[in-house]
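Single-letter residue listing:
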Amino acid sequence: MTEKPSPDPTGATDPRPAVEVDVARTGGIAGITRRWSAQPPEAEASEWISLIDRCPWNDRDATASHTMTPDAAAPDAVAPAAVSPMPDRFVWFIRASWSGTDPREAELPDDEVVGAWRELVDAVRDWSRQTAGPERPGR
Amino acid sequence: MAPGIVPPYLLARIAAVQEEGWARAAEAARSTLAAPREYRPVRSRLRLSIAEPGTLVAEATPAPDREISDAKQREVVPGVRVRGEDDPATGDAAVDEAFDGLGATHDFWWDAYARDSIDGSGSSLLATVHYGRDYDNAFWNGERMVFGDGDDEVFRGFTGSLSVIAHELAHGVVEDEGGLLYRGQSGALNESIADVFGALAEQHRDGQTADEATWLIGEGIFTDAVQGTALRSLAAPGTAYDDDVLGKDPQPAHMRDYVETRDDNGGVHINSGIPNHAFYLTATALGGHAWERAGLIWYRALTSGTLPSTADFSTFARATLAAASAEYGEKSEEVDAVRAGWTGVGVIPDDREAQP
């Protein structure tokens, strides 16, 4: 990585990152939240946007799944444990935004972070490791 | 005591002994031999000990039925079966630690509460190790315990800590007893009960009293790079780690510091610090082996059959008071200790006499 990301992506000065993806992994037996973020430059944007577009955001609208009383509307009656989340499993929050669009958000149990979601999460973690060196503080 | 499998011919010889001092042993051996076979094989073992000079005591106790599988670094369960109950050690540390940990946990539940395995009827204890690549977690999936290897950056693995293994198994016990919805306060109670019995299993293995115990969960699972001793502390929630990368242990020890968050199913691993500390206060007030009185009260509350799956902290506090009254009497020191435990963390108001 030659281009350094802007330290403050919300700062008024350009260049704003073309795309920003934030990932938070919460829960687990340790209950320790870890956060990763990728702010790839313009040149990589289309690659990232196509990856983001392959994720099934509409099935996992964060606001829908967050009003969590196991709503009758939940279409994908997941495994038997769906009534109560599985003890000690991770819960992931993923947020993606780029210029000119509304941010997309999803809340996912660990066993649903597969396929495109998994590719996106891995890409963000790799990006964040390569640019920030050791893993970012988890707050 | 190491589990031993006594062959029938030895049982028969003990059963046949005529000497007076051996009467109890002989009878135990006879009843072991005569025990009816159930529809599925139930493992048991004979424990022999000398009660007083000349008296050999033999008792049949249930034995665990363990099965460890290897996910071979894929995120798939169960994986390949690598060790069953009668198999020797494999030399794979994670496999053998999980096997030994499940055995110690089984012994704890039986010795302390006469509970035979997760469901109380000798269910198999299933575990999968080497789950995923650099996988930083251990969890209960509803039927088995699943252990990642850790990433060697933060976690060195999860099977090395008995409190972690027993924590996972306790989630199975909670589920078998009707469950506690894994969100908000009922979720934090689910977590706390897993921590309490995780800590107690370790204290039981090490023969520690409440004063001698560390009251830590997951001691030794962090790498040396992490500034911290364990995942959680029941004695002092919020002090288990304070690290540059991981941040500080966020657990509160009192209701006034209850954390409202969207993370972690509403902070189930955070707010569990409050009921965890109530247990610690109760156990240290009573002294001695914490699993004997404080632990029994918590166990009775969990298994009363009246605890709703949406119980909040105060519902569970009342259940423990009722259990203590039933077990030891309304005016007992046990009831006082339980009440002081819950008032100490702000779940039961100080001024009101809580209804048992």
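Rules used in this analysis
Residues numbered from 1 in each chain as written. Chains lettered and ligands numbered in written order. Predicted model: local features only at pLDDT ≥ 70, side-chain atom pairs only at ≥ 80, totals over all residues. Helix = DSSP H or I, 4+ residues; strand = E, 2+ residues; numbered from the N terminus. Buried ≥ 20, exposed ≤ 12 C-beta atoms within 10 Å, placed from the backbone. Contact = placed C-beta atoms within 7 Å. Axes fitted to C-alpha atoms, helices over the stretch in contact; angles between N-to-C directions. Parallel < 35°, antiparallel > 145°, perpendicular 65-115°, else oblique. Nonpolar A, V, L, I, M, F, W, Y, C, P; charged D, E, K, R; others polar. Core = buried A, V, L, I, M, F, W, Y, C linked by C-beta atoms within 7 Å. Domains from an automatic or database assignment. Pairing = 2+ DSSP bridges. Expected span 1.5 Å × (residues − 1). Left-handed = near helix turned anticlockwise from the far one by under 90°.

Trainee: Help me get a handle on the overall build of chain A, residues and values and all.
Mentor: On a plain count of helices and strands, chain A comes out with three helices and four strands. Along chain A, helices (α) and strands (β) appear in the sequence β-β-α-α-β-β-α when read from the amino end. In chain A, which comprises 139 residues, the share counted as buried stands at 34%. Once local pairs closer than 6 in sequence are excluded, the contacts in chain A between residues at least 24 apart make up 65%.

Trainee: Explain the packing of helix 3 (residues 93–113) of chain B against helix 5 (residues 184–206) of chain B to me, using residue names and the numbers behind them.
Mentor: All names here are of chain B. Across the interface, helix 3 lies against helix 5 with an axial gap of 9 Å and an inter-helix angle of 90 degrees. Relative to helix 5, the element helix 3 is oriented roughly perpendicular. Mapping the contact onto sequence places A104, T105, F108, D111 and A112 in helix 3 and L200, A201, H204 and R205 in helix 5. Split into classes, the residues belonging to the contact of helix 3 with helix 5 amount to five nonpolar, two polar and two charged.

Trainee: Explain the nonpolar core to me, and be specific about the residues and the numbers.
Mentor: Judged by nonpolar contacts, the single largest core of 97 residues is most densely connected at A98, A127, F147, I193 and W298 of chain B. A total of nine residues in this core trace back to one element, the largest contributor, which is helix 5 of chain B. Counting contributing residues, this core receives three or more from each of domain 2 (66–160) and domain 3 (184–344) of chain B. Setting aside anything within four residues of it in sequence, one finds A98 of chain B in contact with I68, A127, V129, F147, T159 and I165 of chain B. One finds C55, W92, A106 and L108 of chain A within the second-largest nonpolar core, a separate group that totals 22 residues.

Trainee: Which residues make up the sheet that holds strand 4 (residues 104–109) of chain A, and what values go with them?
Mentor: Strand order in this open sheet of four strands is 2-1-3-4 (chain A), and the pairing throughout is antiparallel. A single partner strand is all that each edge strand has here, and the edge strands are strand 2 (34–38) and strand 4 of chain A. Adjacent strand axes in the sheet meet at a mean angle of 15 degrees, parallel and antiparallel pairs treated alike. With six bridges connecting them, strand 3 (residues 90–98) of chain A and strand 4 of chain A associate as antiparallel partners. Residue pairing across strands places I94 of chain A opposite A106 of chain A, the latter belonging to strand 4 of chain A. Strands strand 1 (19–27) and strand 3 of chain A of the sheet are contacted by helix 6 (residues 263–271) of chain B, whose axis makes an angle of about 40 degrees with strand 1 of chain A.

Trainee: Residue-level account of helix 7 (residues 273–286) of chain B, with values.
Mentor: In an α-helix, one turn spans 3.6 residues; hence positions three or four apart end up facing the same way. Residue and element names in this part refer to chain B. With 14 residues, helix 7 should reach 20 Å at 1.5 Å per residue; the first-to-last C-alpha distance of 20 Å fits that figure. The buried fraction of helix 7 is high, at 12 of 14 residues. Within helix 7, burial applies to G273, I274, P275, N276, H277, A278, F279, Y280, L281, T282, A283 and L286. Contacts made by the buried residues of helix 7 are with helix 5, strand 9 (232–233), helix 6, helix 8 (294–302), helix 9 (313–328) and helix 10 (333–344).

Trainee: Residue-level account of the packing of helix 7 of chain B against helix 10 of chain B, with values.
Mentor: Residue and element names in this part refer to chain B. Between helix 7 and helix 10, the shortest axis-to-axis distance is 8 Å and the interhelical angle comes to 145 degrees. Helix-helix and strand crossings are classified by hand; for helix 7 and helix 10 the assignment is right-handed. Contacts from A278, F279, L281, T282, A285 and L286 in helix 7 reach E334, A337, V338, A340, G341, W342 and G344 in helix 10. Along the lines of polarity and charge, the residues of the contact of helix 7 with helix 10 split into nine nonpolar, three polar and one charged.

Trainee: Got a sec to walk through the environment of R133 of chain B? Specific residues and values, please.
Mentor: All names here are of chain B. Relative to the helices and strands, R133 is located in the loop between strand 5 (125–131) and strand 6 (138–140). A residue is classified by how many C-beta atoms lie within 10 Å of it, and R133, with 11 of them, is exposed. Spatially, the C-alpha atom of R133 lies 8.0 Å from that of E75, the residues being 58 residues apart in sequence.

Trainee: Please provide a residue-by-residue account of helix 8 of chain B, values included.
Mentor: Residues and elements named next belong to chain B. The element helix 8 is largely enclosed, with a buried count of seven among its nine residues. For helix 8, the full list of buried residues reads A294, G295, I297, W298, Y299, A301 and L302. Looking at the packing, one finds that the buried side of helix 8 touches helix 3, helix 4 (162–176), helix 5, helix 7, helix 9 and helix 10.

Trainee: Which residues make up the environment of N141 of chain B, and what values go with them?
Mentor: Examined against the element boundaries, N141 of chain B turns out to sit in the loop between strand 6 and strand 7 (145–148). Once the C-alpha coordinates of N141 of chain B and H171 of chain B are considered, the two residues, 30 residues apart in sequence, prove to be 9.3 Å apart. Here N141 of chain B is in contact with M86 of chain A together with V77 and V146 of chain B, once residues within four sequence places are set aside.

Trainee: With reference to specific residues and values, describe unusual backbone geometry.
Mentor: All names here are of chain B. For the bond running from V77 to P78, omega is 5 degrees, close enough to zero to count as cis. Turning to its location among the elements, P78 is positioned in the loop between strand 3 (66–70) and strand 4 (80–84). One non-glycine residue, S117, lies in the positive phi region at around 75 degrees. With respect to the secondary-structure elements, S117 resides in the loop between helix 3 and strand 5. For S117, a count of 25 C-beta atoms within 10 Å gives the class buried.

Structural measurements only, silent on function.
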